Amino acid sequence: MTCEANIPDVVMHGAGNRFLLHFGSTDPMELMNVYERLDGVLTLSESNEADVLMHICNNDGSIAQQCGNGLRCVALHLVRSRLVEGNTICIETLAGMSECVVDLSRNEVSVQLPPPLTGKEHCSVTGEAPDCDYVNLGNPNAVLWIDENPIEIRTALGQQISSNSAFKEGMNVHFARRDDEQHATIASWERGVGPTLASGTGGAAVFVASGANSLRVSSQGGTLFYAYDDDGSIVMTGPANYE
């Protein structure tokens, strides 16, 4: 894809996460002040190895390595706008390459995520840390299993846990309730943003921690589906929409 200066920016959301897709070189924080209620700015540019390079800037100006819901938004927009050929697109982020397959008839995208790495050592956790399942999917995630309402527990504990001194690079914290073998409900507190309506990589972390072969993960913003492909990689499927 050739990122030309005249490609207009667009606001999209993936399961409630709200992003600006930017095709220029404007400072993301300037754009954050122009567009209200953004979870982040996704700056798109040419890549030597993929169809496009996606740079992720969080609401507070910090840089994220990966963003599952953002990947779906970018993939859908580039395919629908015919900025790439076909319905399959490879997107490069700081976490690596992600192949996305777009179903335009359903406004739905399936994304192959990087192989997960589990354990504190892969999430830059040091010292005394909360008793969570730690999963790195290009970004660090902590899953805390609970029996109560995830939103209520996030309100009570989200900021406290996410700011724990053991998390040297910050942490995306997900409060997860297992509803049945094939379904979980979560509420996420994401580093650089705070409470969000959904988290694509957070849902993937919950899926990995659940031990299931496939799992529906619901949040305030909607439901995403996770499964392993034949190679053992995680495939996340869910919606992307324009405002």
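Student: Which residues make up the packing of aromatic side chains, and what values go with them?
Tutor: As enumerated under the stated definition, the model contains three aromatic pairs in all. Relative to Phe167, the ring of Tyr134 lies with its centre 6.1 Å away and its plane at 65 degrees, an arrangement referred to as edge-to-face. One end of the pair, Tyr134, is in strand 10 (residues 133-136); the other, Phe167, is in the loop between helix 3 (150-162) and strand 12 (172-180), with 33 residues separating them in the sequence. Aromatic pair Phe207 and Tyr228: ring centres 4.6 Å apart, planes at 40 degrees, arrangement tilted. Residue Phe207 is located in helix 4 (residues 200-210), and its partner Tyr228 is located in strand 16 (residues 222-228); the two are separated by 21 residues in the primary sequence. Given a relative accessible area of 33%, Tyr228 falls into the partly exposed group.

Student: Run through the pattern of salt bridges, naming residues and quoting values.
Tutor: Inspection of every chain in the model, using the stated rule, returns four salt bridges. Measuring nitrogen to oxygen at the nearest pair gives 2.7 Å for the salt bridge that ties Arg177 to Asp179. A residue is classified by how much of its surface remains accessible, and Asp179, at 32% relative accessible area, is partly exposed. Glu181 serves as the salt-bridge partner of Arg178, at 3.8 Å between the closest nitrogen and oxygen. Residue Arg178 is classed as partly exposed on the basis of its relative accessible area, which comes to 30%. A relative accessible area of 59% means that Glu181 is categorised as exposed.

Student: Help me get a handle on the environment of Gly170, residues and values and all.
Tutor: Take Gly170: it is sitting in the loop between helix 3 and strand 12. Along the backbone, Gly170 and Ile63 are 107 residues apart, and their C-alpha atoms lie at a distance of 11 Å. Beyond its immediate sequence surroundings of up to four residues, Gly170 is in contact with Pro140 and Arg191.

Student: Describe in detail the pairing of strand 12, supporting the description with residues and values.
Tutor: Summarising the sheet, strand 11 (residues 140-145) and strand 12 pair through five bridges and their orientation is parallel. Counted as the bridge partner of Trp145 is Ala176 from strand 12. The parallel pair strand 11 and strand 12, bridged by helix 3, forms a crossover whose chirality is right-handed. Two strands pair when backbone bridges link them, and strand 12 and strand 13 (residues 183-190) are joined in this way by seven bridges, in the antiparallel orientation. From the neighbouring strand, Arg178 faces strand 13, where its bridge partner is Ala184. Between the antiparallel neighbours strand 12 and strand 13 lie two residues.

The rules behind the values
- Residues numbered from 1 in each chain as written.
- Predicted model: local features only at pLDDT ≥ 70, side-chain atom pairs only at ≥ 80, totals over all residues.
- Heavy atoms only, no water.
- Phe/Tyr/Trp six-rings, centres within 6.5 Å; stacked < 30°, edge-to-face > 60°.
- Helix = DSSP H or I, 4+ residues; strand = E, 2+ residues; numbered from the N terminus.
- Buried < 20%, exposed > 50% of the residue type's maximum accessible area, 1.4 Å probe, protein only.
- Salt bridge = Lys/Arg side-chain N within 4 Å of Asp/Glu carboxyl O.
- Contact = heavy atoms within 4.5 Å.
- Pairing = 2+ DSSP bridges.
- Right-handed = clockwise from strand over helix to strand, strands pointing away.

Interpretation in functional terms is not warranted from these geometric data alone.
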